[in-house]
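Coordinate analysis (summary)
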Amino acid sequence: MTTSSEQLARIPDTHLPRIVIVGGGFGGIYLAQTLSGVNAQVVLIDKNNYYTFQPLLYQVATSGLESSSIVAPFRKFLGKQKNFYFRLTEVLQVLPEQGLVETSIGVIHYDYLVIATGASTNYYGMADIEKYAIPLKNLNDAIQLRNHILEKFEAALQAGNKEELNSLMDFVVVGGGPTGVEVAGALSELRSHVFPQDYKELDLFRMDIHLIEASPRLLNGMSDEAGKNALAYLQKMGVEVKLSTGVKSYDGNVVTLSTGEQIQTKTLVWGAGVKANPLKGINPNAILKNNRLKVNAFNQVEGYENIFAVGDVACVIGETTPNGHPMVAQPAIQQGQNLGENLKRLLKGNKNLKPFKYFDKGSMATIGRNKAVADIGNLKIGGFAAWVIWLFIHVLFLVGFKNKLFVLINWINSYFSYDKSNRLIIKR
Ligand SMILES: Cc1cc2nc3c(=O)[nH]c(=O)nc-3n(C[C@H](O)[C@H](O)[C@H](O)COP(=O)(O)OP(=O)(O)OC[C@H]3O[C@@H](n4cnc5c(N)ncnc54)[C@H](O)[C@@H]3O)c2cc1C
């Protein structure tokens with residue numbers, strides 16, 4: 001045991017049952033909100049003191065939004081709940097037999113534990129990619145990517161030869177899911193509308209954007225039509241899309257593809273997959289492929305009565321979901337809310353729990369101005385209509401009135417001015 005496991009984290013003593021939620025993403029915050037006013041102490045633990053709206057990270061990375069618009073401090077929007085406590089720390093492991101979580105500030109006792117730790121970037125064991133590629137999974141990644149893109153253009157102004165110039169101005173984005181498609185589209189908009197003015201000395205025709213996808217189509221989680229539309233939009237925007245193509249290696253200068261082709265670039269954005277973040281100490285038998293935790297219909301982790309998991313880290317295997325639900329926001333939100341209702345029942349001694357049923361509200365991705373795709377039930381929408389729906393849904397789900405307002409103002413301004421005004425290189 002480490003020192004931290006010997007000391008008790010200072011959380012007010014209570015005679016009430018304590019519910020500890022690890023992770024304040026979509027799953028964790030909707031759960032905490034559902035538990036407002038219950039007869040229990042709710043303790044949220046996260047390694048950041050803010051919630052991040054991950055679907056808009058790519059806009060921070062490509063200078064479209066300022067970082068503060070897509071995050072919200074937990075204490076600000078949950079602190080009003082009387083039974084709510086927050087601790088900024090990382091959970092190192094669970095000690096299920098003792099009903100404790102070990103954190104970097106000491107151990108915390110729980111009566112009910114909810115693991116909502118989400119997922120992190122999956123490099124599929126490729127050490128070179130992990131070393132040189134830029135991921136996009138959290139706010140820090142988004143700011144680093146923004147810095148990197150802008151720094152490459154600043155360096156391009158001083159490039160000594162054409163080869164160096166090309167490698168600074170060319171971008172490779174890996175992964176044809178929503179993240180890759182959105183980043184590639186946003187880079188293309190920078191090339192068309194922002195960089196010609198900012199870097200007038202550079203020939204923007206030299207800026208190539210490659211999108212690499214291992215499967216034969218884009219947006220695998222969506223309909224064929226959405227995939228085809230996204231491909232057509234990106235090609236129209238001058239993105240070079242390579243389907244059925246994998247990345248074999250990257251040394252920081254040259255990307256080698258499965259076809260043998262090599263691309264010189266100083267920028268490889270890795271959006272090719274995620275793996276769940278289970279906590280140490282959980283029975284390994286409950287950990288499935290891709291690190292997700294096997295949970296039952298009540299989100300109870302296999303082998304435990306009082307340990308639950310929601311969101312990306314949870315895999316609710318059912319007849320219609322042999323591989324669990326997609327690792328996107330809605331399953332996390334709905335699981336958080338359903339578990340909240342079930343915990344209320346448990347607190348009242350009612351063991352008749354409500355099984356989780358996923359209501360698929362559809363999926364969408366945006367490619368650029370007036371260009372998005374949306375699958376809503378049997379409706380397959382593209383173009384301007386899908387783009388408006390995308391804007392509306394994203395503003396709706398942002399946390400906090402100020403964020404909604406700022407994002408809306410930013411988008412209206414960008415729409416009419418074609419500008420992306422957050423072109424800041426922020427160094428340590
Ligand atoms: C770039 C990007 C774009 C996306 N776009 C979309 C989209 O358009 N639509 C969509 O539906 N979904 C999208 N997603 C997926 C969606 O964001 C996730 O499915 C969702 O965030 C999962 O919620 P969660 O609560 O499971 O985990 P997360 O939101 O990832 O939250 C996990 C939290 O746990 C904390 N944490 C992790 N480990 C520890 C630990 N040991 N100790 C303390 N705290 C810990 C983290 O700091 C984090 O706050 C996108 C994801 C990314 C990265």
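So, how was this worked out
Residues numbered from 1 in each chain as written. Predicted model: local features only at pLDDT ≥ 70, side-chain atom pairs only at ≥ 80, totals over all residues. Helix = DSSP H or I, 4+ residues; strand = E, 2+ residues; numbered from the N terminus. Buried ≥ 20, exposed ≤ 12 C-beta atoms within 10 Å, placed from the backbone. Contact = placed C-beta atoms within 7 Å. Domains from an automatic or database assignment. Nonpolar A, V, L, I, M, F, W, Y, C, P; charged D, E, K, R; others polar. Near = placed C-beta within 6 Å. Core = buried A, V, L, I, M, F, W, Y, C linked by C-beta atoms within 7 Å. Pairing = 2+ DSSP bridges. Axes fitted to C-alpha atoms, helices over the stretch in contact; angles between N-to-C directions. Parallel < 35°, antiparallel > 145°, perpendicular 65-115°, else oblique. Left-handed = near helix turned anticlockwise from the far one by under 90°. Expected span 1.5 Å × (residues − 1). Arc of directions from axis to C-beta.

For the rest of this paragraph, the subject is the overall build of the chain. When you go through the chain residue by residue, the secondary structure sums to twelve helices and 25 strands. Across the 428 residues that make up the chain, the buried fraction comes to 44%. Within the chain, contacts between residues separated by at least 24 positions form 65% of all contacts whose residues are at least 6 apart in sequence.

Once the domains are mapped, the chain shows domain 1 (3-121 + 275-347) and domain 2 (127-272). The straight-line distance from the C-alpha centre of domain 1 to that of domain 2 is 33 Å. Broken down by secondary-structure element, the contributors of at least two residues to the side of domain 1 that touches domain 2 are helix H3 (57-61) and strand S10 (119-121). Here the side of domain 1 that touches domain 2 gets five residues from one element, more than from any other, and that element is H3. Within the side of domain 1 that touches domain 2, the residues separate by chemical class into six nonpolar, eight polar and no charged.

Right, let's get into unusual backbone geometry. Here Ser-63, not a glycine, exhibits a phi torsion of approximately 70 degrees, which is positive. Tracing the backbone shows Ser-63 in the loop between H3 and strand S4 (71-73). A positive phi is found at Asn-299, a non-glycine position, where the angle reads about 65 degrees. Along the chain, Asn-299 turns up in the loop between strand S20 (293-295) and strand S21 (307-309). Residue Asn-299 is classed as buried on the basis of its 28 C-beta neighbours within 10 Å.

Another aspect to go through is the site of the ligand. Around the ligand lies a shell of 34 residues, among which Gly-23, Gly-25, Gly-118, Gly-311 and Val-328 are the nearest. Sorting the residues of the shell around the ligand by element identifies helix H2 (26-34), strand S2 (41-46), H3, helix H8 (178-198) and helix H10 (329-347) as the ones contributing at least two each. In terms of residue class, the shell around the ligand is built from 16 nonpolar, 13 polar and five charged. Viewed by domain, the shell around the ligand spans two of them, domain 1 (3-121 + 275-347) and domain 2 (127-272), each represented by three or more residues.

With that out of the way, let us pick up the nonpolar core. Grouped together as the largest cluster of nonpolar side chains are 121 residues, with contacts concentrated most on Val-114 and Ala-230. Among the elements that make up this core, the one with the highest residue count is H8 (seven residues). Once you skip the residues sitting within four places of it in the chain, Ala-230 turns out to touch Val-181, Leu-218, Leu-219, Ala-365, Ile-367 and Val-373.

The next subject is the sheet that holds strand S6 (residues 91-95). Sheets are built from strands paired through backbone hydrogen bonds, the pairs being either parallel or antiparallel. The three strands are arranged S6-S7-S8 in an open sheet whose pairing can be described as antiparallel. Strands at the two margins of the open sheet, each flanked by one partner only, are S6 and strand S8 (106-109). Neighbour-to-neighbour, the strand axes of the sheet open up by a mean angle of 25 degrees, direction not taken into account.

Here the focus is the pairing of S8. By the bridge criterion, four bridges tie strand S7 (residues 100-103) to S8 in an arrangement that is antiparallel. Within S8, the position partnered with Glu-102 by the bridge is Val-107.

Before going further, it helps to spend a moment on the packing of H2 against H10. Where H2 contacts H10, the axes come no closer than 7 Å and their chain directions differ by 30 degrees. Classified by the interaxial angle, the pair formed by H2 and H10 is roughly parallel. Between H2 and H10 lies a crossing whose hand is right-handed. Here Phe-26, Gly-27, Gly-28, Tyr-30, Leu-31 and Thr-34 of H2 lie close against H10, whose contacting residues are Ala-329, Ala-332, Ile-333, Gln-335, Gly-336, Gln-337, Leu-339, Gly-340 and Glu-341. Among the residues making up the contact of H2 with H10, the classes are represented as seven nonpolar, seven polar and one charged.

Taking burial as the measure, the nine residues of H2 include seven buried ones, the bulk of the element. Of all the residues in H2, the buried ones are Phe-26, Gly-27, Gly-28, Ile-29, Tyr-30, Leu-31 and Ala-32.

Moving on, we get to the environment of Ala-186. Position of Ala-186 among the secondary structure elements: in helix H8. Take Ala-186: there are 23 C-beta atoms within 10 Å of it, and that puts it in the buried class. Those residues within four positions of Ala-186 in sequence are excluded, and the remaining contacts are Tyr-58, Gln-59, Thr-62 and Gly-64.

For the rest of this paragraph, the subject is the environment of Pro-355. Positionally, Pro-355 belongs in the loop between H10 and strand S23 (363-368). Through-space distance from the C-alpha of Pro-355 to that of Tyr-250 is 45 Å; in sequence the pair is 105 residues apart. Residues within four places of Pro-355 in sequence aside, it is in contact with Ala-297 and Phe-298.

Before going further, it helps to examine the packing of helix H6 (residues 139-156) against helix H7 (residues 162-169). Direction vectors running N to C along H6 and H7 enclose 160 degrees, while the axes themselves pass 8 Å from each other. Taken together, H6 and H7 sit at an angle that is classed as roughly antiparallel. Viewed along their axes, H6 and H7 form a crossing whose handedness is left-handed. On H7, the residues that touch Lys-152, Ala-155 and Ala-156 of H6 are Leu-165, Leu-168 and Met-169.

Here helix H11 (residues 383-397) spans 21 Å end to end across 15 residues, near enough to the 21 Å set by a 1.5 Å rise per residue. Along H11, the residues that are buried comprise Ala-386, Trp-387 and Trp-390. With its buried residues spanning 100 degrees around the axis, H11 presents them on a single face. Seen from the buried face of H11, the exposed residues on the opposite side, beyond 90 degrees, are Phe-384, Phe-392 and Leu-396. In this fold, the buried residues of H11 make contact with S23, strand S24 (371-376) and strand S25 (379-382).

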